[in-house]
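In case you want the letters, here they are:
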Amino acid sequence: MERHEVMTVAKKHREHFTVDSALLRELGERLVGAPYIALAELIKNSYDADASHVDIKFEDDRIDVSDDGHGMDYGEFRDRWMRVGSPHKAREEFSRNLRRPLTGSKGVGRLAVQFLGNQLEMRTTSAREPLKQLTATVNWREAVQAGELTSATALYEVGAPTASYPGGSPSGTTISIEGLNQTWERTDFEKLAREIWFLRPPFSDALVQQAEPEGSFDVHLDADRPDKRAFETQLRRVLDLWMARIHGVVKTVSEEPRRSMTHLVIEFQGSRATSEKYDLPPSAEEASQLFDDAGLDLGNESLIDGCQFEIRIFDLRYKQRFGIKVKEARDYLQEHGGVHVYDGGFRIPFSGPEADWLGLEIAHSHRLETTRLLPAALRVSAAATYLPTNSRVFGAVHIDTSKERRAAHRPDASDSEAEYSDHLQIQVSRDRLVRNRAYEQLRYVVIRALEHYATEQAKHRLEDIARIRDVQSPSEAVDSALEILSHYKSEMSSEAYSELEVAIDDAVKDARQQAQLQQDLASQLAAFASAGSLTLVYDHEVSRQIVGVERIARKLRRIARESPQTSAELEQIAADIDQWVLSARGIRSLVRHLSEVESRDKMSRYKLMRVLDDAGEGARYLTRGIPLEFSAIPDEVRLPRGLYAGWIALFQNLFVNAANAIIAQGDPGRIAVSYSVHGNRHMVRIQDTGIGVNLTKAESLFEPFTRNLKIPASRRALAAGGTGLGLTIVKMIANDANADVRFVQPDPPFATAVRLQWKERP
Ligand SMILES: Nc1ncnc2c1ncn2[C@@H]1O[C@H](COP(=O)(O)OP(=O)(O)OP(=O)(O)O)[C@@H](O)[C@H]1O
Ligand SMILES: [Mg+2]
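Note that the structure is a prediction, hence the values are computed from the model and not measured. (Residues numbered from 1 in each chain as written. Chains lettered and ligands numbered in written order. Predicted model: local features only at pLDDT ≥ 70, side-chain atom pairs only at ≥ 80, totals over all residues. Heavy atoms only, no water.)

K.L.:
What exactly am I supposed to notice about the sheet that holds strand β10 (residues 273–280) here?
P.N.:
The strands making up a sheet are joined through hydrogen bonds of the backbone, oriented either antiparallel or parallel. Judged by pairing direction, the sheet is mixed, and its seven strands sit side by side in the order β10-β9-β8-β11-β14-β12-β13 without closing on themselves. Either end of the sheet is taken by a strand with one partner, and the two such strands are β10 and β13 (346–347). Judged from the eight bridges that link them, strand β8 (residues 244–254) and strand β11 (residues 306–313) form a sheet pairing that is antiparallel. Paired with V249 across the bridge in β11 is Q308. (Pairing = 2+ DSSP bridges. Helix = DSSP H or I, 4+ residues; strand = E, 2+ residues; numbered from the N terminus.)

Below, the structure written as structure tokens:
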């Protein structure tokens, strides 16, 4: 086949990328968020150069950072310092002499100094050529404006050493920055000193030492105030005040696909320790339970080569050891708490409390009813209550991104391939980890450890409650008083006798009531602990009751004084009552922290459907599997402004009441939840087919300690209501949110309907 055609053969040309010198600024100043991050880059370079001392000196318009490391010869200066983005450290892995794992990898860290000032002077002497000194100057503004990156220049000269390096070392590097961008005030230095102090992990124990690399390394800040030492010792002491401590080690257990195992040890100060193991990656189910984000996929292989962590949890409500003031300790943790990530021994700035990378604050404000992550057998209601917030923890998670990079990286992969694969890596901005799957796995590992802690803690607390419940009740003690009295009848005047009889009779009645209340509260504690609302009631009602019982004890003592015959026995009874008061106060202290937490919870307009779902889910084991039937509820409907925990408590109470009414009725029953809107009035109704209430008297059910229903003791022990406090809580929460709650006429076939109603402004 012949064809005549004009062949146009396109000639391919080759064009070079060029790099605008403005990139220098993009990689330096623009990426860095704070002076200490820029200084940290220099400190890390010194570390990589095997320095053992770094001195930071501030003068009027100048910052000097000097180290006693191995310095650079001319070749290194040209090929490494003057070359932007050279990945030689990534290849070399370990430092030249001390074999420290290198912290640098991307070849851009030094550019961060542009954040501090415009002018840079470097003086360096290589350990290989101690008789030479290279000085170089860079004017960043000029360099950035050079046009082409390759036209940006530094001026240098080589001569004989003009001065030594820290500690008289013949080799080392001094970087001086002039033309400072910030004026440094006293408080700035203090902040800087702390930030720099925090660059390295503040505590070391057996676990951390393993991660501690070779050789000593000390950063000295010239501007250090005399109080620096005090700060350090104080802080170390505060960190020793832990009440619980979690250690974790992640290790690879098999390859292809890689699977890892986290070994966890949780220690409680002065008591037991428990251990735990869990897999990485988790099953899809476990992962989705932990992260609300259902689409999140942690993959089917472990993306973490190695990681160790220690998290200390603090309870700074009471007087502390070492004479440390509670407030002081709190302030330290407030400022420096949280779980920090240390990469190759240096803190990653954006990993502390401000980042909330573990979502501790969110978890707390939602105060999930159960730790959803754990297998059902391990679940303890209210465990999530014990998930600490950032200001109650200090943690160090040790990773090594250069090691991760090598582990992720097939030997034949190119640098750029390695860069894009899923492993723990630092963003070029230097202050945070890349948000990839490996990062999510790291979060998973740490969050799961905290969940285990929270569950253990909840178990401890419930055990404490059970112990307190066993204490003899005041009624038992007072009951015997009448008996004792009758024994002495013949020895007393009839007047004195009858007076005493009445008094003791009163005391017995009171005490019985208190005892019942006390027992009820103890059993309901578990159910409401997570909802937090109990504390409100406890403070308002129960504290008053405790005072009442104390009064009984005082009265008995007074009577005892007036009637010498019975004094020894009555004194004993009073002492028993005191004992009970102590235990009642004990219970109170168990829930006290909830009120603290409560104040942190966010007031917001929560979505009705979500609250109903969560409340239903949380109450499931108390409602004995009676399903909740929801009518259609538009997703956008929101409850009035209130606390999430409050709304959960409200609906859980109503669900549990409905279930109890059904159980009392004996037949399999139904609970229906419906929503409707009439004009600007919105209402949610919860109806059940239980034994029903007398509508004319229903209002009184909202009064404290009123109840119709006899809850069998077995169910009371299950914490399924029966205290007569539930509806009081419901009403209180509704009223706080300007909503109305009442019993209304149910629709057939239901026996009871409770309606929550609120108005929206048109
Ligand atoms: N204090 C120092 N002593 C000796 N060499 C140094 C020093 N500071 C920098 N260098 C040399 O300059 C190079 C560039 O430093 P830079 O911090 O920009 O990149 P890096 O440390 O390789 O990687 P990263 O961008 O991850 O920090 C270093 O790799 C090192 O060879
Ligand atoms: Mg560096």
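K.L.:
Even after reading the chapter, I still don't get the nonpolar core, so can you show me in this structure?
P.N.:
Looking at soluble globular proteins, one finds that nonpolar side chains tend to be buried together. L39, I43, I56, F58 and I63 are the most contacted members of the largest nonpolar core, which has 51 residues in total. Element by element, the count of residues in this core is highest for helix α2 (residues 35–48), at eight residues. Among the nonpolar cores identified, the runner-up in size contains 43 residues, and V341, V393, I426 and Y444 belong to it. (Core = buried A, V, L, I, M, F, W, Y, C linked by side-chain atoms within 4.5 Å. Buried < 20%, exposed > 50% of the residue type's maximum accessible area, 1.4 Å probe, protein only.)

K.L.:
Just to check I follow, could you spell out the packing of aromatic side chains for this structure?
P.N.:
The way to describe two aromatic rings as a pair is by their centre distance and the angle between their planes. Summed over all chains, the structure comprises 15 aromatic pairs. Judged by centre distance (6.4 Å) and plane angle (85°), the rings of Y278 and Y444 are edge-to-face. One end of the pair, Y278, is in strand β10; the other, Y444, is in helix α14 (residues 437–469), with 166 residues separating them in the sequence. Comparing Y278 with Y444 shows no difference in burial state: the two are buried. Consider the rings of W357 and Y439, whose centres lie 6.2 Å apart with planes at 40°: the pair is tilted. Residue W357 is located in the loop between β13 and α11 (360–366), and its partner Y439 is located in helix α14; the two are separated by 82 residues in the primary sequence. For the residue pair W357 and Y439, the accessibility class agrees, reading buried in each case. In this structure an aromatic cluster arises from ring pairing among Y74, F77, W81 and Y156. Positioned above the aromatic ring of F346 is the side chain of R200, whose terminal nitrogen or guanidinium carbon lies 4.9 Å from the ring centre. (Phe/Tyr/Trp six-rings, centres within 6.5 Å; stacked < 30°, edge-to-face > 60°. Lys NZ or Arg CZ within 6 Å of the ring centre and 35° of its normal.)

K.L.:
Quick question: what am I supposed to make of the pattern of salt bridges here?
P.N.:
In a structure, side chains of opposite charge can pair up when their charged atoms sit close to one another. Summed over all chains, the structure comprises 29 salt bridges. With a closest N to O distance of 2.8 Å, D48 and K89 form a salt bridge. Of this pair, D48 sits in helix α2 while K89 sits in helix α4 (residues 88–92), and the two are 41 residues apart along the sequence. Among the charged side chains, a salt-bridge network with shared partners connects D240, R245, E267, E310 and R312. (Salt bridge = Lys/Arg side-chain N within 4 Å of Asp/Glu carboxyl O.)

K.L.:
So what exactly am I meant to see when it comes to the sheet that holds strand β2 (residues 62–67) here?
P.N.:
Judged by pairing direction, the sheet is mixed, and its seven strands sit side by side in the order β5-β4-β3-β6-β2-β1-β7 without closing on themselves. Taken across any chain shown, the strands that pair with only one partner, and hence form the sheet edges, are β5 (155–159) and β7 (218–221). Averaged over all adjacent pairs, the angle separating strand axes in this sheet is 10°, with direction ignored. Examined bridge by bridge, strand β3 (residues 117–125) and strand β4 (residues 133–139) share six bridges and lie antiparallel to one another. Bridging across to β4, R123 finds its partner in T135. In the packing of helix α3 (residues 74–81) onto the sheet, contacts are made with β3, β4 and β5, and the angle to β4 comes to roughly 30°. Strand contacts of helix α6 (residues 186–197): β1 (53–59) and β7, with the helix running at about 180° to β7, the strand carrying the most contacts. (Axes fitted to C-alpha atoms, helices over the stretch in contact; angles between N-to-C directions. Contact = heavy atoms within 4.5 Å.)

K.L.:
Looking at this structure, I do not really get the environment of C307. What am I missing?
P.N.:
When you line up the elements, C307 lands in strand β11. A C-alpha to C-alpha distance of 7.4 Å links C307 and K251, two positions 56 residues apart in sequence. Setting aside anything within four residues of it in sequence, one finds C307 in contact with G248, V249, V250, V397, H398, I399 and L442.

K.L.:
How should I be thinking about the side chain of R200 in this particular structure?
P.N.:
Topologically, R200 is positioned in the loop between α6 and α7 (206–211). Separated by 3.0 Å, the side chain of R200 and the backbone oxygen of G345 make a polar contact. (Polar contact = N/O pair within 3.5 Å; in protein donor to acceptor, adjacent residues only side chain to side chain.)

K.L.:
So what exactly am I meant to see when it comes to the packing of α2 against α6 here?
P.N.:
For any two helices packed against each other, one specifies the crossing angle of their axes together with the interaxial distance. At a minimum axis separation of 10 Å, α2 and α6 run at an interaxial angle of 45°. Of the possible angle classes, the one that applies to α2 and α6 is oblique. Judged by the twist between their axes, the crossing of α2 over α6 is right-handed. Facing α2, whose interface residues are Y36, L39 and I43, α6 presents L192, E195 and I196. Split into classes, the residues belonging to the contact of α2 with α6 amount to five nonpolar, no polar and one charged. (Parallel < 35°, antiparallel > 145°, perpendicular 65-115°, else oblique. Left-handed = near helix turned anticlockwise from the far one by under 90°. Nonpolar A, V, L, I, M, F, W, Y, C, P; charged D, E, K, R; others polar.)

K.L.:
Explain the pairing of β7 to me, please; I cannot follow it from the model alone.
P.N.:
Look at any regular strand and the pattern is simple: side chains alternate between the two faces of the sheet. The side-chain alternation of β7 yields one buried face, formed by V219 and L221, and one unburied face, formed by D218 and H220. Examined bridge by bridge, β1 and β7 share four bridges and lie parallel to one another. For D55, the partnering residue across the bridge sits in β7 and is H220.

K.L.:
I keep staring at the layout of surface pockets and nothing clicks. Help me out?
P.N.:
To locate leftover empty space, one rolls a probe as large as a water molecule over the atoms. By volume, the largest pocket amounts to about 780 Å³. Around the largest pocket, the lining comprises 44 residues; the ones closest to its centre are N45, D48, A49, H88 and K89. Listing elements by their share of the lining of the largest pocket, those giving two or more residues are α2, β2, α3, α4, β6 (172–180) and β13. Among the elements that make up the lining of the largest pocket, the one with the highest residue count is α2 (six residues). (1 Å grid on protein atoms, 1.4 Å probe; cavity = no way out; pocket = protein on both sides within 12 Å on 5 of 7 lines; lining within 4 Å. Points joined across faces, edges and corners; volume = space filled by probe spheres on them.)

K.L.:
Explain a nonpolar patch on the surface to me, please; I cannot follow it from the model alone.
P.N.:
On the surface, a cluster of nonpolar side chains totalling about 270 Å² of accessible area is made up of Y74, Y156 and V158. Of note, Y74 is situated in helix α3. (Patch = residues over 30% accessible without salt bridge, like charges linked within 9 Å, V, L, I, M, F, W, Y side chains within 5 Å. Areas by Shrake-Rupley, 256 points an atom, 1.4 Å probe, with all protein chains shown as cover.)

K.L.:
Would you mind going over the site of ligand 1 with me for this structure?
P.N.:
Neighbouring residues of ligand 1: 19 residues in total, closest H88, K89, S105, V108 and R110. Separating a nitrogen atom of ligand 1 from a side-chain N or O atom of D67 is a distance of 2.8 Å. A distance of 2.8 Å separates an oxygen atom of ligand 1 from a polar backbone atom of G109. Assessed atom by atom at 2 Å from the grid points, ligand 1 resides in the largest pocket. Contributions of two or more residues to the shell around ligand 1 are made by α2, α3 and α4. (Near = heavy atom within 4 Å. Sits in = over half its atoms within 2 Å of the grid points.)

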